[in-house]
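Here is how the chains run, residue by residue.
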Amino acid sequence: EAGVTQFPSHSVIEKGQTVTLRCDPISGHDNLYWYRRVMGKEIKFLLHFVKESKQDESGMPNNRFLAERTGGTYSTLKVQPAELEDSGVYFCASSRQDHYGYTFGSGTRLTVV
Amino acid sequence: AQTVTQSQPEMSVQEAETVTLSCTYDTSESDYYLFWYKQPPSRQMILVIRQEAYKQQNATENRFSVNFQKAAKSFSLKISDSQLGDAAMYFCAYRSPSREDMRFGAGTRLTVKP
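All of the points below concern the structure found in this document. Along each chain, numbering runs from 1 in the same order as the chain's sequence is written. Chains and ligands are labelled sequentially in the order written, the chains with letters from A and the ligands with numbers from 1. With pLDDT at 70 or above as the cut-off, local features in this predicted model cover only qualifying residues; side-chain atom pairs require 80 or more to be listed or tallied, and sums for whole chains, interfaces and linings still use all residues. Only heavy atoms go into the side-chain values, all of them from the structure, while hydrogens and water stay out.

**Some remarks on the overall build of chain A**
Along the backbone of chain A there are 0 helices and 11 strands. Here the globule rule reads 2.2 Å times residues to the power 0.38, and the radius of gyration is calculated from C-alpha atoms. In terms of C-alpha radius of gyration, chain A reaches 13 Å, essentially the compact-globule figure of 13 Å for 113 residues. Seen through its C-alpha atoms, chain A measures out along the principal axes to roughly 40 × 25 × 20 Å. Evaluated residue by residue, chain A yields a buried proportion of 47% over its 113 residues. Between two residues, a contact is recorded if the distance between any of their heavy atoms is within 4.5 Å. Long-range pairs, those at least 24 residues apart, make up 51% of the contacts in chain A between residues at least 6 apart in sequence. To be clear on the numbers: accessible area is Shrake-Rupley with a 1.4 Å probe, and residue cover counts the displayed protein chains and nothing else. Looking at chain A as shown, the accessible area adds up to about 5,500 Å², and 47% of this sits on carbon and sulfur atoms. Here chain A holds 13 positive side-chain charges and 13 negative ones, and the gap between their average locations is 3 Å. Put simply, DSSP H or I for four residues or longer makes a helix, DSSP E for two residues or longer makes a strand, and each gets a number counted from the N terminus. Remark: exposure states derive from per-residue accessible area (1.4 Å probe, protein chains only) relative to the maximum for the residue type, with buried under 20%, exposed over 50%, and partly exposed in between. Charged residues are defined narrowly, with Lys and Arg counted positive, Asp and Glu counted negative, and His plus the chain ends left uncounted. For the purpose of locating charges, the reference atoms are NZ of Lys, CZ of Arg, CG of Asp and CD of Glu.

Spelled out as structure tokens, the structure:
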């Protein structure tokens, strides 16, 4: 099966600009997660979708971040306007309804300058 | 809240040797899941091994095994017969059965020397 795909792999934007990250989960995986790793620190949870519904968005840092999952398929994470502290690697993961861990994508490295 | 600590930012091992990566966690729960993930450079993070807290037997996957010490809240990863392809960032993670999100440690960068 195809894995979790994230676009773009790298993005460099200026402070104040908008960036949209995309995640295509494994087909049939109802659960989709976004995580972020700021350089040198732990990977932190952002939010969790079950199909098209946001199940838990407790990790979203502020209202500059907006996540959507159209029709329960792919998901987008928009940062508007981007700030310097938003730089990091954004991971997407998906899973079935079990506890066998996630399948992660390769991540999007976001650099805000 | 649960926290995961990886006290070794970097580790190095000679090819064919054995290395152990440390992970400790803090929780008040009795049932949970623990994971080790591996992220090679510029590649996706993959699951290496998984342990359910209710199982006393340590999980093994080929050259990878864990030393799960529930009372000590320790979950170390042992890599035997290290290979060049084992070089990666390794992340320890905790997951509560009542939640869907995972708590990760800061990671350990493993270098394998030929």
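**Quick look at the state of the cysteines**
Residues and elements named next belong to chain A. In this description, a disulfide is simply a cysteine sulfur pair whose atoms lie within 2.5 Å. Applying the stated rule across the entire model yields 2 disulfides over all chains. Covalent S-S linkage joins Cys-23 and Cys-92, the inter-sulfur distance amounting to 1.8 Å. In this structure, the disulfide formed by Cys-23 and Cys-92 twists by about -65° around the S-S bond and is classed as left-handed. Taken together, the positions of Cys-23 in strand S3 (residues 19–24) and Cys-92 in strand S9 (residues 88–95) put the pair 69 residues apart, joining distant regions of the chain. Take Cys-23 and Cys-92: they sit in the same class, and that class is buried.

**Here we look at the interface of chain A and chain B**
Taken residue by residue, the interface counts 22 residues in chain A and 20 residues in chain B. Buried surface area refers to the total accessible area, computed with a probe of radius 1.4 Å, that the two partners give up upon joining, counted for both partners together. Buried surface at the junction of chain A and chain B, both sides included, amounts to about 1,800 Å², of which 53% is carbon and sulfur. What makes a salt bridge here is a side-chain nitrogen of Lys or Arg within 4 Å of a carboxyl oxygen of Asp or Glu, nothing more. For the salt bridge of Asp-56 of chain A with Arg-99 of chain B, the shortest nitrogen-to-oxygen distance reads 3.1 Å. Here a polar contact is taken to be a pair of N or O atoms separated by no more than 3.5 Å, where protein atoms must pair a possible hydrogen donor with a possible acceptor and residues adjacent in sequence count only if both atoms sit in side chains. In this structure, the connection of chain A to chain B is made through 9 residue pairs in polar contact (both at pLDDT 80 or more). Breaking the side of chain A that touches chain B down by element, the ones donating at least two residues are strand S4 (31–37), strand S5 (43–50) and strand S10 (103–104) of chain A.

**Concerning the layout of surface pockets**
Regions of empty space are outlined by a rolling probe, equal in size to a water molecule, passed over the atoms. Here the largest pocket defines a volume of roughly 380 Å³. As for the largest pocket, its lining consists of 18 residues, of which Val-89 and Arg-109 of chain A together with Gln-39, Pro-41 and Ser-42 of chain B are closest to the centre. For the lining of the largest pocket, the elements supplying multiple residues, two or more each, are S9 and strand S11 (108–112) of chain A together with strand S10 (88–95) of chain B. Residue composition of the lining of the largest pocket, by class: 7 nonpolar, 7 polar and 4 charged. In this analysis a 1.4 Å probe is tested at points of a 1 Å grid over the protein atoms alone, and where it fits but cannot get out there is a cavity; an open set with protein on both sides within 12 Å along at least five of seven lines is a pocket; lining residues have an atom within 4 Å of a point. Grid points are joined across faces, edges and corners, and a volume is the space filled by probe spheres set on the points. Quantified by volume, the second largest pocket comes out at close to 260 Å³. Gly is placed with the polar residues, together with every amino acid not listed as nonpolar (Ala, Val, Leu, Ile, Met, Phe, Trp, Tyr, Cys and Pro) or charged (Asp, Glu, Lys and Arg).

**Focus on the side chain of Asp-86 of chain B**
Residues and elements named next belong to chain B. Along the polypeptide, Asp-86 turns up in the loop between strand S9 (74–79) and S10. In this structure Asp-86 comes out as buried when scored by relative accessible area, which is 2%. In this structure the side chain of Asp-86 is engaged in a polar contact, spanning 2.8 Å, whose partner is the backbone nitrogen of Gln-83. Contacts of Asp-86, omitting those with residues within four sequence positions, involve Lys-38, Arg-63, Phe-64, Ile-79, Asp-81, Leu-110 and Val-112.

**Brief notes about the packing of aromatic side chains**
In this analysis, rings of Phe, Tyr and Trp, with Trp reduced to its six-membered ring, are considered paired at centre separations within 6.5 Å, and the interplanar angle assigns stacked below 30 degrees, edge-to-face beyond 60, and tilted for intermediate values. One pass over the structure, following the stated rule, counts 18 aromatic pairs over all chains. With 5.3 Å between their ring centres and 65° between their planes, Tyr-25 of chain B and Tyr-32 of chain B make a pair best called edge-to-face. Three or more aromatic residues joined by ring pairs form one cluster here, namely Tyr-33, Tyr-35, Phe-45, Phe-91, Tyr-102 and Phe-104 of chain A together with Phe-35, Tyr-37, Phe-91 and Phe-104 of chain B. Positioned above the aromatic ring of Tyr-74 of chain A, the side-chain terminus of Arg-22 of chain A is 3.8 Å from the ring centre. Distance and angle both matter: a charge sits over a ring if NZ of Lys or CZ of Arg is within 6 Å of the ring centre and within 35 degrees of the ring normal.

**Regarding the side chain of His-29 of chain A**
Mapped onto the elements, His-29 of chain A comes out in the loop between S3 and S4. With relative accessibility at 8%, the residue His-29 of chain A sits in the buried group.

**A closer look at the pattern of salt bridges**
Residues and elements named next belong to chain A. For the structure on display, the rule yields 14 salt bridges over all chains. A salt bridge links Lys-15 to Glu-83; the nearest nitrogen and oxygen atoms lie 3.9 Å apart. With Lys-15 in the loop between strand S2 (10–13) and S3 and Glu-83 in the loop between strand S8 (75–79) and S9, this residue pair connects regions lying 68 residues apart in the sequence. Look at Glu-83 and you get partly exposed, because its relative accessible area is 22%. Between Arg-36 and Asp-86 there is a salt bridge; the shortest N-O distance is 4.0 Å. Highlighted residues: Arg-36 in strand S4 and Asp-86 in the loop between S8 and S9, separated in sequence by 50 residues.

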